[in-house]
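The chain contents come next:
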Amino acid sequence: MGAFCLFAGNFVFVYTGALGCYRRGYFDLVKYALLTPVYWC
Amino acid sequence: MSYSGWRAFQFFANPFHWEKDRGTYALAQWVARRRLRALVYLAAASSLLVLTNLEGAVWLALAVVLVTADILLFGGSPAKKEASLILALFPMLYAIGVWMLLNWLIMGDALYFVRSLLRSGWRGPPAGWARLELTLPEFAAGGLGILALALGALLRDRAAAALGLLAVGAPGVALFLVDRDLLWGPVPLLLCLLPLACMAVGRAAGSMPRAAAAVLCALPLGLTAATLAVPSLSAPRLGPRNDYGLAVTERALVLDPVRQYVLRQSPFAKVFVCGYDGLRVLGGRPDPEFLHSLDFSFGKAMTDYYGCPLYLLVHRPEGRSGMESIHWKFPGIFDAGARNTLIVLGGDHGNWRLFEIVLPEK
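(A) Focus on the overall build of chain A. The helix and strand inventory of chain A stands at three helices and zero strands. For chain A, the α and β elements follow one another from N to C terminus as α-α-α. Within the span of chain A, comprising 41 residues, buried residues form 27% of the whole. If you sum the accessible surface of chain A, you get close to 3100 Å²; carbon and sulfur atoms cover 70% of it.

As structure tokens, then:
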């Protein structure tokens, strides 16, 4: 369960951020949304 | 269970087919309507397909090429193209990364899952279409895929063309893998052929006049009804299904002489039959002398059966058999035996070679 949360949960958070940028039309920001874990650190 | 019934069971029992159909439908939705939801479904299906099996990954490569080409050619502004590509491909790349990480953590080698393919060197003679064991409905479904591809090109319907290409690509990928002896059988890929062809034809019919669309839609419906109503149509028309016969023949030719030989040496002898070929020959039945081993370990065998005379039955490393773990864990074992444990040749039996495991002197 812990491994699932680590791999799937963090991925979902990052991907949701990228999706939000795309949906709002901020296409330039999609690639930077993948760096969200760096911000978490 | 009949052959067609077995195929139907395999279709519904395997999530691979669900993901494949879902991904194909999402691909068509994305190409036709540019809906973000379709792109997310496609990305999710592709990441799950990567984690499913080899044939899924190879077929997926075709879908990825189609999506990438579509986005690059018709994806809008450069920034939007880049964003679409990231959303489409990132989940799949992430899944590949997780898979390699798990291989490294569990097996100590990030490329463990392809190690057998790399070591085997893809040996084996070209096999041709006969190895696909195509049935008449599969032939017809392939024809429908080609029809959808042609109609999509004529009507400038990119979604229909993409679906037709994916439907035709399924037997193409199956042939590619079977030809290189990388696939146990083409069934997992061919099972999806009819649903893929139905989707492709249905999509092409949407761009046509009503009467022509009705005729076109009747084709896959008739094919599906005929497949269900006449089981004999699902009998393979090309190539013999000889696995069962081969297993029975090998059982008689290999196991009986080996059993007689080892029992002459000792009534407590144990023979480890290695690899997936061993599974086929033994037929999954418990046997007092023969033990099946997919991942043989000398140390474990000698610990578990201490005091018993132990033998090893190894298939000749040809074609798919060359990918068995016994051959890449102990390179050259068939010709020269293993390095650390002395093995004395016990005899050849068809494509199998019998070794006796002898404890090294301390």
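So much for the structure itself; the text now carries on.
(B) Seen up close, the packing of helix H1 (residues 2-23) of chain A against helix H5 (residues 78-107) of chain B. Packing of H1(A) against H5(B) brings their axes to within 11 Å, and their N-to-C directions diverge by 175 degrees. Considering the angle they form, H1(A) stands roughly antiparallel to H5(B). Mapping the contact onto sequence places Leu6(A), Phe7(A), Phe11(A), Val14(A), Tyr15(A), Ala18(A), Leu19(A) and Tyr22(A) in H1(A) and Lys80(B), Ala83(B), Ser84(B), Leu87(B), Phe90(B), Pro91(B), Tyr94(B), Val98(B), Leu101(B) and Leu102(B) in H5(B). Taken together, the residues of the contact of H1(A) with H5(B) sort by class into 16 nonpolar, one polar and one charged.

(C) Broad picture of the interface of chain A and chain B. Taken together, the 14 residues of chain A in the interface contact 17 residues of chain B. Of the roughly 1500 Å² buried where chain A meets chain B, counting both sides, 81% is carbon and sulfur surface. Three residues stand out in chain A for area buried against chain B, namely Phe7(A), Tyr15(A) and Tyr22(A), and they jointly supply 43% of the buried area on that side. If you look at where chain A meets chain B, you find one salt bridge. The shortest N-O distance in the salt bridge between Lys31(A) and Glu82(B) comes to 3.0 Å. Applying the counting rule to chain A against chain B returns four residue pairs in polar contact (both at pLDDT 80 or more). Those elements giving two or more residues to the side of chain A that touches chain B turn out to be H1 and helix H2 (30-33) of chain A.

(D) Inspection of the pattern of salt bridges at higher detail. Scanning the entire structure with this criterion turns up eight salt bridges over all chains. A cluster of three or more residues bridged by salt bridges with shared partners is formed by Arg34(B), Asp70(B) and Arg158(B).

(E) Local environment of the pairing of strand S1 (residues 270-274) of chain B. Residue and element names in this part refer to chain B. With respect to burial, S1 is a largely interior element, five of its five residues being buried. Across the two faces of S1 the burial is the same, with Lys270, Phe272 and Cys274 and Val271 and Val273 all buried. Alignment of S1 against strand S3 (residues 310-315), held across four bridges, turns out to be parallel. Bridging from a neighbouring strand, Val271 pairs with Tyr311 of S3. One crossover worth recording links S1 to the parallel strand S2 (residues 290-293) by way of helix H13 (residues 275-282), and it is right-handed.

(F) View of the confidence of the model for chain B. Residues and elements named next belong to chain B. Taken as a whole, chain B shows an average pLDDT of 78; of its residues, 78% reach a score of 70 or greater. When pLDDT is averaged over each element of chain B, H5 comes out on top at 91 and helix H1 (residues 3-13) at the bottom at 51. Here the prediction assigns the complex a pTM of 0.70, and the interface score ipTM is 0.93.

(G) Fine view of H5(B). Residue and element names in this part refer to chain B. Given a rise of 1.5 Å per residue, 30 residues ought to cover 44 Å, and the 41 Å separating the end C-alpha atoms of H5 matches this to within 8%. Leu89 marks where H5 bends most, by close to 40 degrees; the proline Pro91 follows one to four residues later. Taken together, the buried positions of H5 are Ala83, Ser84, Leu85, Ile86, Leu87, Ala88, Phe90, Pro91, Met92, Ala95, Val98 and Asn103. Following H5 by one or two positions, Gly108 adopts a phi angle in the positive range, close to 80 degrees.

(H) Spotlight on the nonpolar core. With 62 residues, the main nonpolar core has Tyr15(A), Tyr22(A), Val30(A), Leu27(B), Trp30(B) and Leu87(B) as its most contacted residues. Those residues in contact with Val30(A) that lie beyond four places of it in its chain are Ala18(A), Cys21(A), Tyr22(A), Ala83(B), Ile86(B) and Leu87(B). With 17 residues, the next largest nonpolar core counts Phe298(B), Ala301(B), Val314(B) and Ile333(B) among its residues.

(I) Summary view of the packing of helix H3 (residues 36-50) of chain B against H5(B). All names here are of chain B. Relative to each other, H3 and H5 sit at 20 degrees, their axes nearing to 8 Å. The angle between H3 and H5 places the two elements in the roughly parallel class. The handedness of the crossing between H3 and H5 is right-handed. Contacts between H3 and H5 involve Leu36, Leu39, Ala43, Ser46, Ser47 and Val50 on the former and, on the latter, Ser84, Leu87, Ala88, Pro91, Met92, Ala95 and Ile96. Here the residues of the contact of H3 with H5 are counted per class, giving ten nonpolar, three polar and no charged.

(J) Molecular detail of the packing of aromatic side chains. As enumerated under the stated definition, the model contains eleven aromatic pairs over all chains in all. Against the face of Phe334(B) rests Arg353(B), its NZ or CZ located 4.2 Å from the ring centre.

(K) Broad picture of unusual backbone geometry. Residue and element names in this part refer to chain B. The phi dihedral of Arg34 falls on the positive side, at around 60 degrees, and the residue is not glycine. One can find Arg34 in the loop between helix H2 (15-33) and H3. The residue Arg156 is not glycine, and still its phi comes out positive at about 55 degrees. Mapping Arg156 onto the fold places it in the loop between helix H7 (136-155) and helix H8 (158-179). For Arg156, a relative accessible area of 77% puts it in the exposed group.

Calculation notes
Residues numbered from 1 in each chain as written. Chains lettered and ligands numbered in written order. Predicted model: local features only at pLDDT ≥ 70, side-chain atom pairs only at ≥ 80, totals over all residues. Heavy atoms only, no water. Helix = DSSP H or I, 4+ residues; strand = E, 2+ residues; numbered from the N terminus. Buried < 20%, exposed > 50% of the residue type's maximum accessible area, 1.4 Å probe, protein only. Areas by Shrake-Rupley, 256 points an atom, 1.4 Å probe, with all protein chains shown as cover. Axes fitted to C-alpha atoms, helices over the stretch in contact; angles between N-to-C directions. Parallel < 35°, antiparallel > 145°, perpendicular 65-115°, else oblique. Contact = heavy atoms within 4.5 Å. Nonpolar A, V, L, I, M, F, W, Y, C, P; charged D, E, K, R; others polar. Buried area = accessible area lost by both parts, 1.4 Å probe. Salt bridge = Lys/Arg side-chain N within 4 Å of Asp/Glu carboxyl O. Polar contact = N/O pair within 3.5 Å; in protein donor to acceptor, adjacent residues only side chain to side chain. Pairing = 2+ DSSP bridges. Right-handed = clockwise from strand over helix to strand, strands pointing away. pLDDT = per-residue confidence, 0-100. Expected span 1.5 Å × (residues − 1). Bend = angle between axes of the 7 residues up to and from the residue. Core = buried A, V, L, I, M, F, W, Y, C linked by side-chain atoms within 4.5 Å. Left-handed = near helix turned anticlockwise from the far one by under 90°. Phe/Tyr/Trp six-rings, centres within 6.5 Å; stacked < 30°, edge-to-face > 60°. Lys NZ or Arg CZ within 6 Å of the ring centre and 35° of its normal.

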